[in-house]
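Per-entry structural report
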Amino acid sequence: MQYQSIVTFIRELWLFGLKQAYACIFGGFLLAIMVITSYWYPLESMHRYDFIFLAAIAFQIFLLVTKLENIREAVVIVVFHLVATVMELFKTSDAIGSWLYPEDYYFGIANVPLFTGFMYSAVGSYISRVWRIFDFQYSHYPARRYTLVLVCLIYLNFFTHHYIIDLRWVLLAVTALLFYKTQIYFKIIKTHRHMPLLLGWLLVALFIWFAENLATFSNVWIYPNQLDEWQMVSIAKLSSWYLLMLLSFVLVSLINPVKLHTTHRAD
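Note that the structure is predicted; figures quoted are calculated from it, not measured.

1. What about empty space enclosed by the protein?
- Applying the stated criterion to the full structure yields 2 cavities of 30 Å³ or more.
- Put simply, the largest cavity is a space of about 70 Å³.
- Taken together, Phe 80, Val 83, Ala 84, Met 87, Tyr 120, Tyr 155, Leu 244, Leu 247, Ser 248 and Leu 251 make up the lining of the largest cavity.
- Put simply, the parts of the chain that give the lining of the largest cavity at least two residues each are α4 (71–91) and α9 (238–253).
- Its residues placed into classes, the lining of the largest cavity shows 9 nonpolar, 1 polar and no charged.
- Lining of the second largest cavity is provided by Asn 157, Phe 158, His 161, Arg 168, Ser 240 and Leu 243.

2. Focus: the packing of helix α7 (residues 168–179) against α9
- Contact geometry of α7 with α9 gives a least axis separation of 11 Å together with a crossing angle of 50°. As far as their axial angle goes, α9 and α7 are oblique. Seen along the crossing, α7 lies across α9 with a hand that is left-handed. On α9, the residues that touch Arg 168, Trp 169, Leu 171, Leu 172, Thr 175 and Phe 179 of α7 are Ser 239, Ser 240, Tyr 242, Leu 243 and Leu 246.
- Within the contact of α7 with α9, the residues separate by chemical class into 7 nonpolar, 3 polar and 1 charged.

3. Considerations on the pattern of salt bridges
- Considering all chains together, one arrives at 6 salt bridges under this definition.
- Between Glu 69 and Arg 129 there is a salt bridge, with the nearest N and O atoms lying 2.9 Å from each other. Placement of Glu 69 in the loop between α3 (48–65) and α4 and of Arg 129 in helix α5 (residues 116–133) is noted, with a sequence separation of 60 residues between them. The two residues Glu 69 and Arg 129 agree in class, both being buried.
- Between Asp 166 and Arg 168 there is a salt bridge whose closest N-O contact spans 2.8 Å.

4. Digging into α4
- Between the first and last C-alpha of α4 there are 30 Å, a value that for 21 residues agrees with the 30 Å anticipated at 1.5 Å per step.
- Along α4, the positions that sit buried rather than exposed are Glu 73, Ala 74, Val 76, Ile 77, Phe 80, His 81, Ala 84, Thr 85, Met 87, Glu 88, Phe 90 and Lys 91.
- Buried-residue contacts for α4 involve α2 (25–39), α3, β2 (112–113), α5, α6 (144–160) and α9.

5. What about the sheet that holds strand β5 (residues 192–196)?
- The antiparallel open sheet is built from 3 strands, whose spatial order is β3-β4-β5. The open sheet has two edge strands, β3 (137–139) and β5, and neither has a second partner. Geometrically, the sheet is characterised by an average inter-axis angle of 30° between neighbouring strands, direction not taken into account.
- For β3 and strand β4 (residues 183–187), the ladder comprises 3 bridges, and the chain directions are antiparallel. When the bridges of β4 are listed, Gln 137 appears paired with Tyr 185.

Reading guide: rules and limits
- Residues numbered from 1 in each chain as written.
- Predicted model: local features only at pLDDT ≥ 70, side-chain atom pairs only at ≥ 80, totals over all residues.
- Heavy atoms only, no water.
- 1 Å grid on protein atoms, 1.4 Å probe; cavity = no way out; pocket = protein on both sides within 12 Å on 5 of 7 lines; lining within 4 Å.
- Points joined across faces, edges and corners; volume = space filled by probe spheres on them.
- Helix = DSSP H or I, 4+ residues; strand = E, 2+ residues; numbered from the N terminus.
- Nonpolar A, V, L, I, M, F, W, Y, C, P; charged D, E, K, R; others polar.
- Axes fitted to C-alpha atoms, helices over the stretch in contact; angles between N-to-C directions.
- Parallel < 35°, antiparallel > 145°, perpendicular 65-115°, else oblique.
- Left-handed = near helix turned anticlockwise from the far one by under 90°.
- Contact = heavy atoms within 4.5 Å.
- Salt bridge = Lys/Arg side-chain N within 4 Å of Asp/Glu carboxyl O.
- Buried < 20%, exposed > 50% of the residue type's maximum accessible area, 1.4 Å probe, protein only.
- Expected span 1.5 Å × (residues − 1).
- Pairing = 2+ DSSP bridges.

Encoded structure:
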């Protein structure tokens, strides 16, 4: 019996990794292109940022044609691209300068090369895909109106904290209050496993933080403290990625229905 449990655990762990890799396919491709072109980029007739932009579009078309991505997931990518570009224009403006893109480009608006929206879209694409392939279900999920108000405040705080007090810790506290009872159920083979949703968001945010370090090391974008030499992105940035993760999750929930786990009824 114990042997069978170990075999089942190993099999589920393997399939969990494979499904996660599939869910990350767009983000993984984008990160790979960024890293590879930082070491080897032979096209003198095209800026590196423009190549990344066109490669992202081509890969999206490939995913749709091969049905590795559905139309709903493509819509998520477009929405995230638009929302992210607005924030990027503000954050990289000369007056704010939270980060900068040091290389030249043709496809861009103001200080923002257009490929940047795909970096945020990769997060939305991942959430939408993983929601589907793991058949996400929830218990004690808060009412939609509360989650929408929360993410609107989170998005506004990304802008307003440059002028008034930064409310991120208040927003994180409200997030914990809203979701502390929420469990996310995910099906690897037949049985739904579960974990606290707050923990799931933290794990994904941590993964994004690692990817961000690779991207800044590859000179895709840099922070002001990285101008002279590269250094790791502060672990404090994890709070921003956590809030962005929550924002992304709620946006995807507007397209993918929130299904209650069969053993729980609506609160």
